[in-house]
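For reference, the chains in residue letters:
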Amino acid sequence: MRVSVASDERTGVAEAVVDELRRRGHDPVAHGALADGERDDWAWASEAAARDVADGNAEQAVVCCWTGTGASIAANKVPGIRAALCADAETARGARKWNDANVLALSLRSTSRAELEEILDAWFEGEPSADDDDVANVRHVDDIGA
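Scope of this entry: the structure provided in the associated data block. (Residues numbered from 1 in each chain as written. Predicted model: local features only at pLDDT ≥ 70, side-chain atom pairs only at ≥ 80, totals over all residues. Heavy atoms only, no water.)

1. Some remarks on the pattern of salt bridges
Piece 1. Applying the stated criterion across every chain, the model contains 13 salt bridges.
Piece 2. Measuring nitrogen to oxygen at the nearest pair gives 3.3 Å for the salt bridge that ties R82 to D100. One end of the pair, R82, is in the loop between α3 (69–76) and β4 (83–85); the other, D100, is in the loop between α4 (89–99) and β5 (103–107), with 18 residues separating them in the sequence.
Piece 3. Where E117 meets R113, a salt bridge forms, and the shortest distance between an N and an O atom there is 3.5 Å. (Salt bridge = Lys/Arg side-chain N within 4 Å of Asp/Glu carboxyl O. Helix = DSSP H or I, 4+ residues; strand = E, 2+ residues; numbered from the N terminus.)

Shown next, in the form of structure tokens:
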């Protein structure tokens, strides 16, 4: 799977995300501080990764900043993106299941390497729910502001 990855710094788990995606057989596309010549500010980097997903150039994205909050906010401004800030595997599992999240936001400050692996396990094993209420909620979110 092609996965866009953005970070505003090469600290914490930023480079580990790219390495872990490769280890799992994914094709990471780097943005921000992870790519030469790109603006590395969280808003620009996260937007670039989210646009890859929205434009069909990547199936998923992982966006990172110090807290993960700014990265998730920037990604969620891109139409068609449902970014979820996940600090643990259960949140990631729920984000995929109930929210059909297509962008994972992570904190560079608080995500350990062990948590990263657990979060990615849950994220990539997760499938969106087919429950009518869950599908209706996701559709409604997509329609907000459209």
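2. Let's talk about the sheet that holds β4
Piece 1. On the basis of which strands lie adjacent, the open sheet formed by 5 strands has the order β2-β1-β3-β5-β4 and parallel pairing. Looking at strand neighbours, the two that pair on one side only are β2 (27–32) and β4, the edges of this open sheet. In this sheet, neighbouring strand axes are inclined to one another by 20° on average, regardless of whether the strands run parallel or antiparallel.
Piece 2. In this structure, strand β1 (residues 2–7) lies alongside strand β3 (residues 60–65), joined through 5 bridges in parallel fashion. From the neighbouring strand, V3 faces β3, where its bridge partner is Q60.
Piece 3. Packing against the sheet, α3 makes contact with β3, β4 and β5, and its axis sits at approximately 140° to β3.
Piece 4. In the packing of helix α5 (residues 113–125) onto the sheet, contacts are made with β1, β3 and β5, and the angle to β5 comes to roughly 165°. (Pairing = 2+ DSSP bridges. Axes fitted to C-alpha atoms, helices over the stretch in contact; angles between N-to-C directions. Contact = heavy atoms within 4.5 Å.)

3. Structural notes on α5
Piece 1. Taking 1.5 Å per residue as the helical rise, α5 with its 13 residues ought to reach 18 Å, and the 18 Å between its terminal C-alpha atoms agrees with that figure.
Piece 2. L116, I119, L120, A122 and W123 are the residues of α5 that are buried. Down the axis, α5 shows its buried residues gathered within 165° of arc, on one side only. Turned more than 90 degrees away from the buried face of α5 sit A114 and E125, all of them exposed.
Piece 3. Tucked inside the fold, the buried residues of α5 contact α1 (14–23), β3, α4 and β5. (Expected span 1.5 Å × (residues − 1). Buried < 20%, exposed > 50% of the residue type's maximum accessible area, 1.4 Å probe, protein only. Arc of directions from axis to C-beta.)

4. Details of the packing of aromatic side chains
Piece 1. One pass over the structure, following the stated rule, counts 0 aromatic pairs.
Piece 2. Its end group placed over the ring of W44, R39 keeps NZ or CZ at 3.4 Å from the ring centre.
Piece 3. Positioned above the aromatic ring of W123, the side-chain terminus of R96 is 5.6 Å from the ring centre. (Phe/Tyr/Trp six-rings, centres within 6.5 Å; stacked < 30°, edge-to-face > 60°. Lys NZ or Arg CZ within 6 Å of the ring centre and 35° of its normal.)

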